[in-house]
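Fold and contact review
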Amino acid sequence: LTEVKTVQEGMEGKNKLFDEYFKGMKGKNLILIDTKEIKEKIQKDHPEFENISIKKVYPKGIRIEADKYPPTANIINIVGEGQRKHIVNIVGLSILEEAENPNLPYIKIQSEEFLDAKSPLLAKEKLEYIIGAIGYFEDKLGMKVFDAEYLKKAREVHLKTEKYFYVWLDIQKPFEEQ
């Protein structure tokens, strides 16, 4: 092994992010390198990637293709008078802090302390539920949903529409039945 190339977001180049997984393998025979094990380690360490493929390029290289999850929602974390904005992917990980995308749905979460941006801000199942509910009620009611407020303790989601009409949902029940 003499070369590790990375293709990320359709662009090929050298990416130091994956170099650590190939330390000590320089000069090693490609046939002896277990790419399956390396892929599992990368997926465990980097949950922000949706797809990872590692291919041996004979005679001396490795090619890694890595695609990140797309941005899915804006999360506004409110603590007292302060707030932090995040753009998250479908698994709830913050991909951009102190930013927002007006083309994505807004989800407000009030908490005692600011959420840890290094771990999922919202569980994947809850995020999918909220995004699904927003789309469902926009179609059903024929009006835009401005934002959703997730109430963790009450296990509720409150959708606020453009006409300031609120839809309250119990997150434990399918939104289509409420």
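This write-up is about the structure you can find in this document. This one's a predicted model, so the numbers in the text were calculated from it and none came from an experiment.

Quick notes on the layout of surface pockets
In this approach a probe as big as a water molecule rolls over the atoms, and the regions it shows empty are the leftover space. Of the voids in this model, the largest pocket is the one considered here, and its volume is about 370 Å³. What lines the largest pocket is a set of 15 residues, among which Ile109, Gln110, Ser111, Tyr150 and Lys152 lie closest to the centre. Contributing elements (two or more residues each) for the lining of the largest pocket: strand S8 (106-110) and strand S9 (145-151). The class makeup of the residues in the lining of the largest pocket is 9 nonpolar, 2 polar and 4 charged. A volume near 170 Å³ is recorded for the second largest pocket.

Details of the packing of aromatic side chains
Tallied over the full model, the rule gives 5 aromatic pairs. Ring plane angle 90 degrees and centroid distance 5.1 Å describe the contact between tyrosine 136 and phenylalanine 137, whose orientation is recorded as edge-to-face. Judged by relative accessible area, phenylalanine 137 falls into the buried class, the value being 7%. A network of ring pairs unites the aromatic residues Tyr129, Tyr136, Phe137 and Phe175 as a single cluster. Above the face of the phenylalanine 114 ring, arginine 84 is positioned so that its terminal group lies 4.0 Å from the ring centre.

Re the environment of isoleucine 87
For isoleucine 87, the position within the fold is in strand S6 (residues 82-89). Once the C-alpha coordinates of isoleucine 87 and alanine 73 are considered, the two residues, 14 residues apart in sequence, prove to be 5.8 Å apart. Setting aside chain neighbours within four positions, we find isoleucine 87 in contact with Pro71, Ala73, Asn74, Leu93, Ser94, Ile95, Leu96, Ala99, Glu100, Asn101 and Leu104.

What counts as what
For every chain, the first residue of the written sequence is number 1, and numbering continues from 1 along that sequence. Restriction of local features to residues with pLDDT of at least 70 applies here, the model being predicted, together with a cutoff of 80 or more for giving and counting side-chain atom pairs; totals for whole chains, interfaces and linings are based on all residues. The side-chain quantities take in all heavy atoms of the structure and omit both hydrogens and water. Here a cavity denotes a set of grid points, spaced 1 Å apart and computed over the protein atoms alone, in which a 1.4 Å probe fits but from which it cannot get out, and a pocket denotes an open set meeting protein on both sides within 12 Å along at least five of seven lines; residues with an atom within 4 Å of a point are reported as lining. Grid points are joined across faces, edges and corners, and a volume is the space filled by probe spheres set on the points. Labels follow the DSSP assignment, with helices taken as runs of H or I lasting at least four residues and strands as runs of E lasting at least two, numbered in each case from the N terminus. All amino acids are sorted into three groups, where Ala, Val, Leu, Ile, Met, Phe, Trp, Tyr, Cys and Pro are nonpolar, Asp, Glu, Lys and Arg are charged, and the leftover types, Gly among them, are polar. Note on ring pairs: Phe, Tyr and Trp rings are taken, using the six-membered ring of Trp, and paired if centres are within 6.5 Å. Classes follow the plane angle, with under 30 degrees stacked, over 60 edge-to-face and the rest tilted. Each residue is assigned to one of three classes by its accessible area relative to the maximum for its type, calculated with a 1.4 Å probe on protein chains only: buried under 20%, partly exposed between the two thresholds, exposed over 50%. Any Lys NZ or Arg CZ found within 6 Å of a ring centre and within 35 degrees of that ring's normal is scored as a charge over the ring. What makes two residues a contact is simply this: any of their non-hydrogen atoms within 4.5 Å.

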